[in-house]
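Tertiary structure, described
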Amino acid sequence: MKKYLVIALASLSIISCNRQLTTALKSSDKDLILSTANQFYAQKKWSNAIALYDRLPNLVAGTDDAPEVVFKLAYANYYDKNYRLAGHQFRNFANTFPNDPRREEAAYTAAICYYQDAAEYNLDQTSTESAINMLQDFLNNYPNSDKERAEDANKKIDELTQRLETKYYEQARRYFKMADYRAAVTAFENLLEDYPSTKLRQKSFEHIMKAKYELGMHSIYDLKKDRLESAIAFSKDVERDYPDSNSSKEAVSMREKLLKELDKHLKVIEENEKRKAEFLEKQREEELKKSCLLYTSPS
């Protein structure tokens, strides 16, 4: 009996709630809609509150209720996990009501909304980039914000930046695994240029070294010299930046092989140039003989 009583009371509550929502939605009474929306908000019934707050902006425009409606609508969407929409609404609040004491909170929470919406590194990072920009804008626009909030913003910027770094690192590594070494070198170099302080710097150097090695050792004739020299020069960068490390030792080992290959290739170039010179000389002599024969032949 107790179980059925609980079910019956819950059903009555739902029916009452639905009636209350339907009545407010059909009403044109601003005060009724607002009070009902606030009641649902207090009860944490976010979807009902959102449905009613959505009706109010035009009805309360220019009144003292306007900031409260926009602010609570943004928070209702935030708690309902509609993060992008909530972020837009918080940002709109901060821009529309510059003198409201909650402006800083709105600006900060707008950034947090995009932070919450940010996906894992292997997915679309639009919200991640937006969150970084908005958190940085918050720090710039509110330099005197309380210490805890500023520290949290900086911490989240670091976290999101690492997420982007990981995304671009994995993209570059994918090129490397596909043996598309030119694309891999470019992608890793772009990562290091965009994020010079990345924690993935040494790993990126290792992959660039290996990619340049493969390009140099297995290049076509016309590009081989330049690619070998590029790989040799980069091996010295690795050795300089990471002395006494496995990266350095591997780079030195690769450089020895690259230097031998370069020496071999330079000898091939020298031999080819010699043959080319001999061919041109022989061709010149033949042309000279032909011209002499033409000159001495009877008219």
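Keep in mind it's a predicted model, so treat the numbers as computed, not measured. (Residues numbered from 1 in each chain as written. Predicted model: local features only at pLDDT ≥ 70, side-chain atom pairs only at ≥ 80, totals over all residues. Heavy atoms only, no water.)

Secondary structure summary: the protein contains 13 helices and zero strands in total. Secondary structure elements in the protein, listed N-terminal to C-terminal, are α-α-α-α-α-α-α-α-α-α-α-α-α. For 299 residues, the compact-globule estimate of 2.2 N^0.38 gives 19 Å, and the C-alpha radius of gyration of the protein, at 35 Å, exceeds that figure by more than 25%. Oriented by its inertia axes, the alpha-carbon framework of the protein measures out at about 125 × 65 × 50 Å. Taken over 299 residues, the protein has a buried fraction of 39%. (Helix = DSSP H or I, 4+ residues; strand = E, 2+ residues; numbered from the N terminus. Rg over C-alpha atoms; globule rule 2.2 N^0.38 Å. Buried < 20%, exposed > 50% of the residue type's maximum accessible area, 1.4 Å probe, protein only.)

On to helix α10 (residues 181–194), then. Helical geometry note: an α-helix holds 3.6 residues per turn, so side chains three or four residues apart project in the same direction. The end-to-end C-alpha distance of α10 is 20 Å, a good match for the 20 Å that 14 residues give at a rise of 1.5 Å each. For α10, every residue scored as buried is listed here: A184, V185, A187, F188, L191 and L192. Burial along α10 is one-sided: seen end-on, the buried residues are contained in an arc of 165°. When the buried face of α10 is taken as reference, the exposed residues oriented beyond 90 degrees from it are R182, E193 and D194. (Expected span 1.5 Å × (residues − 1). Arc of directions from axis to C-beta.)

What follows covers the packing of aromatic side chains. Going through the model one piece at a time under the given rule, you end up with 19 aromatic pairs. Seen from their ring centres, F205 and Y242 are 5.7 Å apart, and the 80° between their planes marks the pair as edge-to-face. Placement of F205 in helix α11 (residues 201–217) and of Y242 in the loop between α12 (221–241) and α13 (246–296) is noted, with a sequence separation of 37 residues between them. Here F205 falls in the buried class, since its relative accessible area comes to 8%. Each residue in the set Y41, W46, Y53, F71, Y75, Y78, Y79, Y83, F90, F93 and F97 is aromatic and connected to the rest through ring pairs, giving one cluster. The ring of F71 carries R102 above its face, with NZ or CZ at 4.6 Å from the centroid. Sitting over the face of the ring of Y115, K156 holds its NZ or CZ atom 4.8 Å from the ring centroid. (Phe/Tyr/Trp six-rings, centres within 6.5 Å; stacked < 30°, edge-to-face > 60°. Lys NZ or Arg CZ within 6 Å of the ring centre and 35° of its normal.)

Turning our eyes to something else, we now look at the environment of K224. With respect to the helices, strands and loops of the structure, K224 is situated in helix α12. Residue K224 is classed as buried on the basis of its relative accessible area of 9%. Taking C-alpha positions, K224 is 8.3 Å from L262, a pair spaced 38 residues apart along the chain. If near-sequence neighbours (up to four positions away) are discounted, K224 is found in contact with G216, M217, H218, S219, E261 and H265. (Contact = heavy atoms within 4.5 Å.)

Attention now goes to α12. With 21 residues, α12 ought to run about 30 Å at 1.5 Å a step, and its terminal C-alpha atoms sit 31 Å apart, in line with that. All buried positions along α12 are accounted for by K224, L228, A231, I232, F234, S235 and V238.

This part covers the side chain of H207. One can find H207 in helix α11. Looking at H207, its side chain comes within polar contact range of the main-chain oxygen of K203, at 3.0 Å. For H207, the residues in contact, after removing those within four places along its chain, are Y169, R173, F176 and F188. (Polar contact = N/O pair within 3.5 Å; in protein donor to acceptor, adjacent residues only side chain to side chain.)

The next thing to look at is the confidence of the model for the protein. Per-residue pLDDT for the protein averages 89, and the proportion of residues at 70 or more is 91%. Across residues 3–13, where pLDDT falls below 50, the model places zero contacts with residues more than four positions away in sequence or in other chains. (pLDDT = per-residue confidence, 0-100.)

In this structure, K44 is a non-glycine residue whose phi angle is positive, near 65°. Checked against the element boundaries, K44 lands in the loop between α2 (30–42) and α3 (46–53). Exposure remark for K44: the relative accessible area of 61% places this residue in the exposed category. The backbone phi angle of A179 is positive, close to 65°, even though this residue is not glycine.

Okay, the side chain of K212 next. Of note, K212 is situated in helix α11. Although K212 is buried, it forms no salt bridge, and the closest oppositely charged side chain is E189 at an N-O distance of 4.2 Å. Beyond its immediate sequence surroundings of up to four residues, K212 is in contact with V185, E189, R227, S230, A231 and F234. (Lys, Arg positive; Asp, Glu negative; His and termini not counted. Salt bridge = Lys/Arg side-chain N within 4 Å of Asp/Glu carboxyl O.)

What follows deals with the packing of helix α9 (residues 147–177) against α11. Between α9 and α11, whose axes approach to 11 Å, the crossing angle comes to 20°. By the angle between their axes, α9 is roughly parallel relative to α11. At the point where α9 passes α11, the crossing takes the left-handed sense. Seen from α9, the contacting residues are Y169, R173 and F176; seen from α11, they are K203, S204, H207, K210 and A211. In the contact of α9 with α11, the residues fall into three nonpolar, two polar and three charged. (Axes fitted to C-alpha atoms, helices over the stretch in contact; angles between N-to-C directions. Parallel < 35°, antiparallel > 145°, perpendicular 65-115°, else oblique. Left-handed = near helix turned anticlockwise from the far one by under 90°. Nonpolar A, V, L, I, M, F, W, Y, C, P; charged D, E, K, R; others polar.)

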